Amino acid sequence: MELYLNISLTFSSLFSMPVLDILGVNVEFPFTPYDVQTNYMTKIIEALQTGQNAVLESPTGTGKTLCLLCATLAWRFSELKKIKALEVQDKQIEEGLGAWGANNAAPNETTPNVAKIIYASRTHSQLSQVVKELKRTAYGKQVVISLLGSREQMCIHPEVSKQTSNQTMVHMCRNKVNKHLCHFYNNVDDARKNGIFTKEVMDIEELVQLGNKRNACPYYSTREVSKQVECGVIFTPYNYLLDRKSRRSHNLEIGGNVIIFDEAHNLEKLCEESASFDLSSLDIANCIEEVGDLLNAVTKMAETGTVADGHEAGETTALSEFKKDDVALMKSFFLALEEHLDKIELPASKSKSEPGRYIFDFFSKVNLTFDTHEILLELMDKISSYLSTLSNSFRTRGTALQKFSEIIKVAFSASSTGPGDAGTPTFSIYSAPARPSIEELTRFYRVHICEDAPKTGKKDLWKKDKGTLKSKPSKLCCDTKCRTISYWCFSPGYAMQDLVRNGSRNLILTSGTISPIDSFVSELHVDFPITLVNGHVIDKHQIFVASLTRGMNGVKLESTFKSRGVMEQVVELGNTVAEVAKASPGGLLVFFPSYAAMEHYVKAWRESSDVMRKLESTKLCTVEPRGKGELKDAIEKFYSDVKSPQGGALFAICRGKVSEGLDFANDNGRAVLIVGIPFPPTQDAKVKLKMSFLDDLKRSGVPKVIPGSEWYRLQACRAVNQAIGRVIRHRYDYGAIILCDQRFTRKDQVNELPQWIQSHVTSFDDCPKAMRRLRSFFCSVREKENFRLRSLSGKDAVQPKRSQPAIDKRADKSTISSSASRQVSFGGMKKMYDITKLPKMSDPDCHVPSRVNKPNNSTFAPDCMCQASTLNTRKRKRVEHGNDSKKANLLDALDQCNDVTEEEEPTNLGEAEAHPMSTHLLVMDRRMAETQKKKKIKIKRPPTMETPLEDAKPSTSNGPTQEQPDERRARFGSAGGLLQTIKKVLNSEGYKTLKGATETYRQKENIETLVESLAGLFLDNPAHHYLLRAFVRFVRPKHHTRYSELCEILTGQKCILTQTESNT
């Protein structure tokens, strides 16, 4: 027992996370980082230490989230330590203790006021993933966080949470809170005092579960946590941070805090949208109806003392608070606004544009100005709040007034004072008390007025104006023209400068597809002195990029509005897509420029040719729907299709929902095909105004402004980059990118692709040749990935149906399962992989689903360009292993392991010369194939473990432990193969350490010292734990049992011992 404790203490330090010293900050990271991760964290800490803004690009799969969290929190904790140390020193000086009293002075137990980290991402689901990453780090148990969510996600009140309208939910919640009718809210203060929501890091789902358990509102509790000094990180969606009103309502203080925008490639668009609005005739008509309904109820209450129909659910006291004259004035306001919108003269095109100041001229005609808008807002919020209490499952009320209220707040956002959620002053991006001129306020805006054709349909005779004011019928009940006046912001810098002016410490923007950074930064109008464009962590053989100028029949490939009318080009493109689908395993993602283009091609392929028949015979096809509600079912169908022997293809659009936020790792996204270049629609009014706006700035001499034409081109490039980013999702993922348009061969287009992809792009005029290369790529990369998963023992695992991705050599310290499944970490994400489901490389049918009908005994097919007959026999020296029956010992084997040579160079593996393969691995693979012909080894598949691996406990039985197939091969296969594997995973310094440890063991026979040395080599990476256990074959027989016990202490599993070894 004493020895057991000593061994546990000796190796306890090995379980701690690596600590990196980056610019004087100690960063605890879950595993040894890659160089690109170290570079990334260095830039983050540099920005935090200097207080400068940073724009950082790092491809998907390089662990951006993990690096962001570890680096920022490490810096914050270092700042806390510095402040506490200064407090101790100040206290010593005050007490007159000086240096002699250092041991007696105690630091202040309260948390110093250090900058908080405000971490913003696009959606709540992305934030939940970030929180899960935080839990994996050493900081997950040290930091207090606040995760800001919406009422829709976090409200637990049984009545309020059932509301389908967000606005109704907001008003109903506020009404109950103000009147202390929500007992969940009433318990928020007790929850804060007891630290219920700060004891551990939780995502939204866990917060809701805890709130239900403790009867405390998670929505308001997380807002309270964000205001506490102890709170280190605030997670929030973009709109909560960019929208001034949302910042006020969520008590989100940005002064002195660090702001991180993850997935910042969307930032430009979201900044502009947060400061823009569209007001239509229908919106005004809905407001007239809502105010008119209230006016009728108020009139009836005043005249008869009875409640009008439809207002029974409301409170009589609330209804009596409204003055008839005020409500009538509100209705007359909207009627006048509707009339002025109708009177705007439009040209024959039924649309026109005006400078930004036009919106204030328009509002001033109905007496809506900077001086009067607050009075209107107050009455409007009061009315919409009352109407929301009348909402039910059949009808939602008050939403039109709420929308108009949001419009007014955006238009008059520069007002120095105004009503907030709790009576707080409205944010101002200008220094009080000076109010900016209209010209200064609207320099980044344009106004657009357009008229749409009336919708066909019958007039609703039941709708009529019942108000006391005589007026014409509302547009809500008339089939007439509908006009829209838009107030569009064309400078994302307008919102970004707002953050800077309000005292943010610094801004950190990061994404996988920001490049080109110069043009991205130029639109934000904020200085970003620190920039980084990172490379990828994958190897060259894991990516194949081809740009095709012609199709299978030699017809030019180009997808423009004009070419879509040429049936020959449409069919040629379809046949090319079908060939790519046939050559690619797993899932194929096909991205089109727009919904219109996708629908045109699919219809033509289905009705005017047999292209869709070819495609659907190769892969099951799914089309991205326009509606958001249908997307989930479409994606689930695609995932299911990928798992089928036939595979799946998903047709989607650039800038769509599929290209932005969904994960297509491993077989779900083995190939991405880009159809055409997704330029924005040239006739879109917003696109034309944006280009004109940039050209005006350029002519006026504003520095660092790109012309409109350049912005137009870059929008297409970024959309392409975002789409092709679906193909490589982690360190050992692999896939192909096919660019189907001759314009991708231009140098300017290639230069706008992600930097890590540019060197891989190959242009093909011969499409059949490109398809041969594509098949060769998949055969080659799958062969390499299989070699990573099996030992060089000459024996293969059981042949499965499909393959799964390889195991990350830099995985975190998760427990290696004794079942067939293994939990590994890729870029900070844990996944389960069944390593028994790996096809033999001699069977291409497992890699190309279109060939599943081939005989099972077929070898590498000619069209896969992977024929085994192309390999030349190589001579190599034999290594004598550490067998007791032979004179050669382990040290001899370790030395001879360096002497393995090849006397002949291999011939080209088809066209795989573009992806050179390790000569030694090819030799060993041939040796394995020859061994298989002589002797078959049957390996039973271990049972599947259903419990999570992190919860799996080490086996305490005395019997042999079931282990992974690669461990069994390392344990009972070729000893030389095991030594080659060890040499491959260790660097030269580690290999010297191994030789020294074995020499010491041979002389002193101290098994504990040997295990300690080996643990330092293999324990940091869970993927290498099996090598530590397999090393038992080189240990003296009398030490087998003890070695196995020590391995169980360190890895949670014993070694596999033969019956003779167990008896010994």
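Residues numbered from 1 in each chain as written. Predicted model: local features only at pLDDT ≥ 70, side-chain atom pairs only at ≥ 80, totals over all residues. Heavy atoms only, no water.

### As for the overall build of the chain
Part 1: When helices and strands are tallied, the chain shows 41 helices and 22 strands.
Part 2: Scored against the burial criterion, the 1064 residues of the chain give a buried share of 56%.
Part 3: For the chain, contacts bridging at least 24 residues in sequence account for 78% of all contacts bridging at least 6.
Part 4: When the accessible area of the chain is evaluated, it comes to approximately 46,900 Å², of which 49% is carbon and sulfur surface. (Helix = DSSP H or I, 4+ residues; strand = E, 2+ residues; numbered from the N terminus. Buried < 20%, exposed > 50% of the residue type's maximum accessible area, 1.4 Å probe, protein only. Contact = heavy atoms within 4.5 Å. Areas by Shrake-Rupley, 256 points an atom, 1.4 Å probe, with all protein chains shown as cover.)

### A short note on the sheet that holds strand 15 (residues 587-592)
Part 1: Within the open sheet, the 7 strands sit side by side as 16-17-15-18-19-14-20. Their pairing is parallel. A strand with exactly one partner marks an edge of an open sheet, and here the two such strands are strand 16 (620-623) and strand 20 (761-764). Within the sheet, the average angular offset between the axes of one strand and its neighbour, ignoring direction, is 20°.
Part 2: Bridge count for strand 16 against strand 17 (residues 648-653) is 4 bridges, and the pairing is parallel. Opposite Cys621, over in strand 17, you have Ala649 as the bridge partner. (Pairing = 2+ DSSP bridges. Axes fitted to C-alpha atoms, helices over the stretch in contact; angles between N-to-C directions.)

### What about helix 18 (residues 373-388)?
Part 1: For helix 18, built from 16 residues, the straight-helix expectation of 22 Å at 1.5 Å per residue is met to within 8% by its first-to-last C-alpha distance of 22 Å.
Part 2: Within the sequence span of helix 18, burial applies to His373, Leu376, Leu377, Leu379, Met380, Ile383, Ser384, Tyr386, Leu387 and Ser388. (Expected span 1.5 Å × (residues − 1).)

### Structural notes on the packing of aromatic side chains
Part 1: Counted by the stated rule, this structure contains 35 aromatic pairs.
Part 2: Centre to centre, the rings of Phe1031 and Phe1034 are 5.1 Å apart; their planes meet at 65°, and the pair counts as edge-to-face.
Part 3: For Phe1034, a relative accessible area of 13% translates into the label buried.
Part 4: Among the aromatic residues, those joined into a ring-pair cluster are Phe277, Phe360, Phe362, Phe363, Phe370, Phe412, Phe444, Tyr445, Tyr487 and Tyr494.
Part 5: Above the ring of Phe322, the side-chain terminus of Lys382 is found at 5.1 Å from the ring centroid.
Part 6: The aromatic ring of Tyr732 is capped on one face by Arg731, whose charged end is 4.3 Å from the ring centroid. (Phe/Tyr/Trp six-rings, centres within 6.5 Å; stacked < 30°, edge-to-face > 60°. Lys NZ or Arg CZ within 6 Å of the ring centre and 35° of its normal.)

### Section: the pattern of salt bridges
Part 1: Across all of its chains, the model carries 35 salt bridges by this definition.
Part 2: Between Lys227 and Glu224 there is a salt bridge, and its shortest N-O distance comes to 3.1 Å. With Lys227 and Glu224 both in helix 10 (residues 218-227) and 3 residues apart, the pair spans about one turn of that helix.
Part 3: Its relative accessible area of 27% is what places Glu224 among the partly exposed residues.
Part 4: Ionic pairing is found between Arg613 and Asp610, a salt bridge with its closest N-O pair at 3.0 Å.
Part 5: By relative accessible area, Arg613 is classed as exposed at 53%.
Part 6: Ionic contacts of the salt-bridge type, sharing partners, join the residues Asp189, Arg192 and Lys193 into one network. (Salt bridge = Lys/Arg side-chain N within 4 Å of Asp/Glu carboxyl O.)

### Re the environment of Ala604
Part 1: With respect to the helices and strands, the residue Ala604 is situated in helix 24 (residues 595-607).
Part 2: With residues up to four places along the chain from it excluded, the contact list for Ala604 reads Met567, Val570 and Ser609.

### Digging into the nonpolar core
Part 1: Counting 99 residues, the largest nonpolar core has Val27, Phe235, Phe261, Met496 and Leu509 as its most contacted members.
Part 2: Take this core: its biggest share by element is 11 residues, from helix 3 (residues 64-95).
Part 3: By size, the runner-up hydrophobic cluster in this structure holds 70 residues, among which are Met301, Phe334, Leu368 and Cys489. (Core = buried A, V, L, I, M, F, W, Y, C linked by side-chain atoms within 4.5 Å.)

### Some points on helix 13 (residues 267-274)
Part 1: Every buried residue of helix 13 is accounted for by Leu267, Glu268, Cys271 and Glu272. Buried residues of helix 13 fall within an arc of 130° about the axis and therefore sit on the same side. (Arc of directions from axis to C-beta.)

### Concerning the packing of helix 18 against helix 19 (residues 399-411)
Part 1: At a closest axis distance of 9 Å, the pairing of helix 18 and helix 19 adopts a crossing angle of 155°. Between helix 18 and helix 19, the angle is such that the two are roughly antiparallel. For the element pair helix 18 and helix 19, the recorded crossing hand is left-handed. Touching His373, Leu376, Leu377, Met380, Asp381, Ile383, Ser384 and Leu387 of helix 18 are Leu401, Gln402, Phe404, Ser405, Ile408 and Lys409, all from helix 19.
Part 2: Taken together, the residues of the contact of helix 18 with helix 19 break down into 8 nonpolar, 4 polar and 2 charged. (Parallel < 35°, antiparallel > 145°, perpendicular 65-115°, else oblique. Left-handed = near helix turned anticlockwise from the far one by under 90°. Nonpolar A, V, L, I, M, F, W, Y, C, P; charged D, E, K, R; others polar.)

### Focus on the environment of Lys64
Part 1: Inspection of the secondary structure assignment puts Lys64 in helix 3.
Part 2: In this structure the C-alpha to C-alpha distance between Lys64 and Asp262, which are 198 residues apart in sequence, comes to 8.9 Å.

### So, the pairing of strand 15
Part 1: Within strand 15, 6 of the 6 residues are buried, which leaves it mostly tucked inside the rest of the structure.
Part 2: Here strand 15 shows no split at all, with Gly587, Leu589 and Phe591 on one side and Leu588, Val590 and Phe592 on the other all buried.
Part 3: Strand direction decides the pairing type here: strand 15 and strand 17, joined by 6 bridges, are parallel. Across the sheet, the residue bridging to Val590 is Phe651, located in strand 17.
Part 4: With 4 bridges joining them, strand 15 and strand 18 (residues 671-675) adopt parallel strand pairing. The residue bridging Val590 from the neighbouring strand is Leu673, located in strand 18.

### Things to note about the environment of Met598
Part 1: Turning to its location among the elements, Met598 is positioned in helix 24.
Part 2: Judged by relative accessible area, which is 2%, Met598 ranks as buried.
Part 3: With near-sequence residues (within four places) excluded, Met598 lies in contact with Phe592, Val623, Glu624, Phe651, Ala652 and Ile653.

### What to know about the sheet that holds strand 3 (residues 54-57)
Part 1: Pairing is parallel in the open sheet, where 7 strands are placed in the order 5-6-4-7-12-3-13. Edge strands, defined here as strands with exactly one partner in the open sheet, are strand 5 (144-147) and strand 13 (530-533). If you compare each strand with its neighbour and ignore which way they point, the axes differ by 15° on average.
Part 2: Alignment of strand 4 (residues 117-121) against strand 7 (residues 258-261), held across 4 bridges, turns out to be parallel. Paired with Ala120 across the two strands is Phe261, which belongs to strand 7.
Part 3: Running at roughly 170° to strand 13, helix 2 (residues 35-50) makes contact with strand 3, strand 7, strand 12 (506-511) and strand 13 of the sheet.
Part 4: In the packing of helix 21 (residues 493-501) onto the sheet, the strands contacted are strand 7 and strand 12, and the crossing angle to strand 12 comes to about 140°.

### Quick look at the state of the cysteines
Chemically, a disulfide is nothing more than a covalent bond linking the sulfur atoms of two cysteines.
Part 1: Within this structure, the stated rule accounts for 0 disulfides.
Part 2: Unpaired in this structure, Cys155 has its nearest cysteine sulfur neighbour in Cys173, at a distance of 5.8 Å.
Part 3: When its relative accessible area of 17% is taken as the criterion, Cys155 is described as buried.
Part 4: With no disulfide of its own, Cys217 has Cys182 as its nearest cysteine by sulfur position, at a separation of 6.0 Å. (Disulfide = S-S within 2.5 Å.)

### Observations concerning the side chain of Asn266
Part 1: Relative to the helices and strands, Asn266 is located in the loop between strand 7 and helix 13.
Part 2: Residue classification places Asn266 among the buried positions, given a relative accessible area of 12%.
Part 3: Among the polar contacts made by the side chain of Asn266, one reaches the side chain of His265 at a distance of 3.1 Å.
Part 4: Residues within four places of Asn266 in sequence aside, it is in contact with Arg122 and Glu660. (Polar contact = N/O pair within 3.5 Å; in protein donor to acceptor, adjacent residues only side chain to side chain.)

### A short note on unusual backbone geometry
Part 1: With an omega dihedral of 0°, the bond running from Ser515 to Pro516 counts as a cis peptide bond.
Part 2: Looking at the secondary structure, you find Pro516 in the loop between strand 12 and helix 22 (517-522).
Part 3: Its identity as a non-glycine residue notwithstanding, Leu23 has a phi of 50°, on the positive side.
Part 4: Relative to the elements of secondary structure, Leu23 occurs in the loop between strand 1 (19-22) and strand 2 (25-28).
Part 5: We classify Leu23 as partly exposed; its relative accessible area is 44%.
Part 6: Even without being glycine, Glu1005 reaches a positive phi, approximately 55°.
Part 7: Here Glu1005 lies in the loop between helix 37 (988-1004) and helix 38 (1007-1018).

### With respect to the packing of helix 23 (residues 567-583) against helix 25 (residues 611-618)
Part 1: Two elements in contact, helix 23 and helix 25, have axes separated by 9 Å at closest approach and are oriented at 10°. The orientation of helix 23 relative to helix 25 falls into the category roughly parallel. Contact with helix 23, carried on its side by Val571, Gly574, Asn575, Val577, Ala578, Ala581 and Lys582, involves Val611, Lys614, Leu615 and Thr618 of helix 25 and no other residues of that element.
Part 2: Here the contact of helix 23 with helix 25 is built from residues that sort into 6 nonpolar, 3 polar and 2 charged.

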